[in-house]
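Each chain is listed here by its residues.
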Amino acid sequence: KTNNMKWGSVMRKTIVLSVVCLLVAGQALAAGKPAARGEKPDIVVMTQNQYLGADLTAIISAQTPEAYNAAVVGALLSVAGNNLSERAVALAASIADHQPHLVGLQEVFEFGCIETGTLPGACGLFAGAFNDHLAQTMSALDSLGAGYTVAAVVKNLDISPGEFPLPGLPLFLDPDDIPELFITVRDRDVILARDDVVAEPVPFPLACDNPSLDGCNFQTVASTFLFGETLIEFKRGFVGVDAVVDGQPYRFVNTHLEVQFPSPDPVSQFIQAAQASEMLGLMSALAPPDGTRQIILGDINSSPDDGPFLLPSPPSPFPVDQALTPYLQLQAGRNLFGQPISVPFTDSWNLRPGKPRGYTCCQLPDLSNAESMHDERIDVIFAWPAPVRVKANVLDNDSDDKTLGGLWPSDHSSVVARLSY
């Protein structure tokens, strides 16, 4: 998805130094030994972007308080109209139907409302917008008889008291200068484990610069200023678990990288590319024991159709003129500058029989389009070592998958894969 957000200063020296440091640490990975082929070789995994329910571009790009206020109202109405209660059941049904051992969820939002007292009951004007994706997902899974637990969580964007200069995003419902509401927003990436799977969080927070719950936030982030004053950083991150499935150890990592063009700036792609390098570097530095299979999945906002992108010509803080996208980094085991940093991972979709495009994004923001509009594959499942066989499917992209209210379950498709070694 593309958001034309105003991009703050992201090319800080600390960012470049962190990539270099991670590169050095990544050399420790070398190449762990591929796992031995066992009697019970299969693991089933799924990635699912749950969709927050609105396009935030208008909020991010608002140039005046009036435009901002109208954009917030529009976003709340969109979230309410996109009926999470219905969508959560549909998304949970995809999990329950396929029973993956491990699931990576992205855009697991929680929206809240704080009244200032100037207009009692004002939160009720947008009641359908205030919800917790994770709570509703777990409730829906329970109602479907699917046994899953929350194995690990990384918190990303957090606009709430104590985490933001204001109690939340202010909303003005009358002409005075006092907000009637503050809107709180939290975004998380979550790993679910089936009840019969032993899974423990990978200790990434002990080794990264920006620990967040069970995972890490990236150092390189897109940012903007609200009214030119209050900085909003669009934090993203990654989180992992070490799991055992049928006696075989796996390291399972879930992430959601920045959109490819958060601003029109020609080096805008640098943000997501630096995020991928940071993740690969830390994974390399904390490589699991020999014999552990590794899986990276999520919404990487980077397609196999995207080639290397140009960086500014010297003088610049970059050692090369072009850089690798996240997809190319994962595939080659190299950082954005093309330097070895990791083992090369295999895109499991490419091992699926046949050559379906497997597009996963994106539907209209209001999820109202009659036929699927997906035209890119950015929700991926990478594995190391390469599986011998893969059975993979794109889910929630057929008209029959719509909710009773006629909505797509998400603007993304879910992807499920059985990996056989």
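The rules we used
Residues numbered from 1 in each chain as written. Predicted model: local features only at pLDDT ≥ 70, side-chain atom pairs only at ≥ 80, totals over all residues. Heavy atoms only, no water. Core = buried A, V, L, I, M, F, W, Y, C linked by side-chain atoms within 4.5 Å. Buried < 20%, exposed > 50% of the residue type's maximum accessible area, 1.4 Å probe, protein only. Helix = DSSP H or I, 4+ residues; strand = E, 2+ residues; numbered from the N terminus. Contact = heavy atoms within 4.5 Å. Disulfide = S-S within 2.5 Å. Expected span 1.5 Å × (residues − 1). Salt bridge = Lys/Arg side-chain N within 4 Å of Asp/Glu carboxyl O. Pairing = 2+ DSSP bridges.

Attention shifts here to the nonpolar core. Counting 29 residues, the largest nonpolar core has Leu76, Phe130, Leu169, Val185 and Ile232 as its most contacted members. Among the elements that line this core, the one with the most residues is helix H3 (residues 65-81), at 6 residues. With near-sequence residues (within four places) excluded, Val185 lies in contact with Phe109, Glu110, Phe111, Leu157, Asp158, Ile159 and Leu169. Membership of the second largest hydrophobic core comes to 28 residues, among which are Val154, Ile191, Val241 and Ala417.

Once that is clear, we can look at the state of the cysteines. The full count for this structure, using the stated rule, is 3 disulfides. A sulfur-sulfur separation of 2.0 Å characterises the disulfide bridge that pairs Cys113 with Cys123. Between Cys113 and Cys123 the disulfide shows an S-S torsion of about -85°. By sign, it is left-handed. Here Cys113 is found in strand S2 (residues 102-115), whereas its partner Cys123 is found in the loop between S2 and helix H5 (133-143), with 10 residues between them in sequence.

Before going further, it helps to examine helix H4 (residues 84-98). Here H4 is 15 residues long and its end C-alpha atoms lie 21 Å apart, about the 21 Å a rise of 1.5 Å per residue gives. Among all positions in H4, only Leu84, Arg87, Ala88, Ala90, Leu91, Ala92, Ser94, Ile95 and Ala96 are buried. Looking one or two places after H4, you find Gln99, whose phi comes out positive at around 50°.

Here the structure, examined in full by the defined rule, presents 12 salt bridges. Between Glu110 and Arg188 there is a salt bridge, and its shortest N-O distance comes to 4.0 Å. With a gap of 78 residues between them, Glu110 in strand S2 and Arg188 in strand S5 (residues 181-194) connect regions that are remote in the sequence. Close ionic contact of Glu163 with Lys155 constitutes a salt bridge, the shortest N to O distance being 3.9 Å. Taking the relative accessible area as the measure of exposure, Glu163 reaches 48% and is therefore partly exposed. Residues participating in the shared-partner salt-bridge network are Glu110, Asp132, Lys155, Asp158, Glu163, Arg186 and Arg188.

Before going further, it helps to examine the pairing of strand S1 (residues 43-49). Burial within S1 is extensive, with 7 of its 7 residues counted as buried. By the alternation rule, side chains of S1 split into Ile43, Val45, Thr47 and Asn49 and Val44, Met46 and Gln48, which are all buried. Strand direction decides the pairing type here: S1 and strand S19 (residues 414-420), joined by 5 bridges, are antiparallel. Looking at S19, one finds that Met46 is bridged to Val416. Pairing of S1 with S2 involves 5 bridges; the strand directions are parallel. Bridge pairing links Val45 to Leu102 in S2.

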